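Spelled out from the first residue to the last, the chains are:
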Amino acid sequence: MKRRWKILLGILAVFVLAAVGMMMYLQTNLNKLIYEEIVEVDLQDVQDGEYIGEYSSPPVNAKVQVEVKDGKITDIVILDHGHGKGEPAEVIVEDVISQQRIDVDSISGATYSSRVILKAIEDALVDK
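Residues numbered from 1 in each chain as written. Predicted model: local features only at pLDDT ≥ 70, side-chain atom pairs only at ≥ 80, totals over all residues. Heavy atoms only, no water.

Caption draft 1: Spotlight on the sheet that holds strand β3 (residues 72-82). An order of β1-β2-β3 is seen for the three strands of this open sheet, with the pairing classed as antiparallel. Lying at the two open borders of the sheet, with one neighbouring strand each, are β1 (49-57) and β3. Within this sheet the neighbouring strands show an average axis-to-axis angle of 20 degrees, counted without direction. Both β1 and strand β2 (residues 60-69) contribute to a ladder of nine bridges, which runs antiparallel. Within β2, the position partnered with Tyr51 by the bridge is Val66. (Pairing = 2+ DSSP bridges. Helix = DSSP H or I, 4+ residues; strand = E, 2+ residues; numbered from the N terminus. Axes fitted to C-alpha atoms, helices over the stretch in contact; angles between N-to-C directions.)

Caption draft 2: Examining the pattern of salt bridges more closely. Per the counting criterion, the structure on display carries two salt bridges. In this structure, Lys119 engages Glu36 in a salt bridge whose closest nitrogen and oxygen atoms are separated by 3.7 Å. In this pair, Lys119 is assigned in helix α3 (residues 111-125) and Glu36 in the loop between α1 (2-35) and β1, connecting sequence segments 83 residues apart. On the basis of relative accessibility, which here comes to 30%, the residue Glu36 falls in the partly exposed class. The partner of Lys119 in a salt bridge is Glu122, and the shortest N-O contact between them spans 3.1 Å. In this pair, Lys119 and Glu122 are both assigned in helix α3, three residues apart and thus about one turn of the helix distant. For the residue pair Lys119 and Glu122, the accessibility class agrees, reading buried in each case. (Salt bridge = Lys/Arg side-chain N within 4 Å of Asp/Glu carboxyl O. Buried < 20%, exposed > 50% of the residue type's maximum accessible area, 1.4 Å probe, protein only.)

Shape descriptors only; they carry no functional weight alone.
Structure, rendered in structure tokens:
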């Protein structure tokens, strides 16, 4: 019986260590995301068209479609957004369109998702 308990405790310890390691990995990714630069794009250099961009910083990811016409962002569609509780960040696309720039303020309470969406928009437009 003692042997079973030792095995069970050993398995439990492995699971706990794995869970702690995963949480530390995710938190490190999210902390880096906060300080990662958002590259501003000169929209006059972007040809008219629709562009797809993606960005992931586990556990958050986004895929967007950005439409540019006459040197302006005319529409942004969020194609995919794995966000946990970050759905409120999706309104950030309205700020990008109205301000015609990518580096807009994050949505309070959904900072990580806001940053991931902005990085996906950047990915869609940089070097296009």
